[in-house]
Amino acid sequence: YGVNLATSTPALAAEEVAYVVAALGPNLLGIAIGNESDEYGLPNGFFPGGWTFPDFLTRWDSFRTAILQAAPHVSITGPDTAGGNHISTWTLPFGRCVTQSEITLLTQHYYRASGASTTSTASFLISPDPQLTGELTTLNAGAQQLSIPYRISECNSFGNGGAGGISDSYASSLWVIDFLFGVARGGSTG
């Protein structure tokens, strides 16, 4: 379950998590604090031009502290980073900063490409994906070093709403099977 790191407050997030823990009980895998926070500083982001990794850590920690006061035994996951290009600059540094004492699962998002890209074709989608292989290799090595399991917590064929006629086609169903086996081979827990 994810709480809003950008526009919420630690107190509201804590109240929300207390409710979610009571409602979901043992069915709750964990709480993600923020979603694609690595992109909050982009021009159309929540904090354009004024958002850094240290800013994220400070804000994340204030939310985590409040959440654990309201729900002391809830598992925390993160950072739910958007871009694979941020694995080495955001996801793994986050894991090193917070360690396994503060999170139970390292999380990353993956999309084959943008739905608006010229490469958003069926043949591209079902072709071998060296980008995914490289990202999983980096994540797996980093997660093993940190002794924290990792998971692809959000994924799809193409981002930004998908690619019409491709994301909703037979090619996408073939892609997802290959993607899931690739993620399993890459050491992800899901």
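Details of the structure are given in the entry above.
Anyway, here's the lowdown on the structure attached to this text. Predicted, not measured: the structure shown is a model, and the values here were computed from it. (Residues numbered from 1 in each chain as written. Predicted model: local features only at pLDDT ≥ 70, side-chain atom pairs only at ≥ 80, totals over all residues. Heavy atoms only, no water.)

**Notes on helix H3 (residues 87-98)**
Then, in step 1: With 12 residues, H3 extends 15 Å between its outermost C-alpha atoms, agreeing within 8% with the 16 Å of an ideal straight helix rising 1.5 Å per residue.
Then, in step 2: Those residues of H3 lying buried are Ile87, Trp90, Thr91, Leu92, Pro93, Phe94, Gly95 and Val98.
Then, in step 3: The inward-facing, buried residues of H3 contact helix H2 (53-70), strand S3 (76-81), strand S4 (105-114) and helix H5 (130-146).
Then, in step 4: The first or second residue beyond H3 is Thr99, which carries a positive phi of 60 degrees. (Helix = DSSP H or I, 4+ residues; strand = E, 2+ residues; numbered from the N terminus. Expected span 1.5 Å × (residues − 1). Buried < 20%, exposed > 50% of the residue type's maximum accessible area, 1.4 Å probe, protein only. Contact = heavy atoms within 4.5 Å.)

**A few points about the packing of H3 against H5**
Then, in step 1: Look at H3 against H5: their axes get within 10 Å of each other, and the N-to-C directions meet at 20 degrees. Relative to H5, the element H3 is oriented roughly parallel. Between H3 and H5 lies a crossing of right-handed hand. Of the residues in H5, those in contact with Ile87, Ser88, Thr91, Leu92, Gly95 and Arg96 of H3 are Glu135, Thr138, Leu139, Gly142, Ala143 and Leu146. (Axes fitted to C-alpha atoms, helices over the stretch in contact; angles between N-to-C directions. Parallel < 35°, antiparallel > 145°, perpendicular 65-115°, else oblique. Left-handed = near helix turned anticlockwise from the far one by under 90°.)

**Concerning the packing of helix H1 (residues 10-24) against H2**
Then, in step 1: With their axes 8 Å apart at the nearest point, H1 and H2 run at an angle of 40 degrees to one another. Our classification of the angle between H1 and H2 gives oblique. Between H1 and H2 lies a crossing whose hand is right-handed. Here Pro10, Ala13, Ala14, Val17 and Ala18 of H1 lie close against H2, whose contacting residues are Ser62, Phe63, Ala66, Ile67 and Ala70.
Then, in step 2: Within the contact of H1 with H2, the residues separate by chemical class into nine nonpolar, one polar and no charged. (Nonpolar A, V, L, I, M, F, W, Y, C, P; charged D, E, K, R; others polar.)

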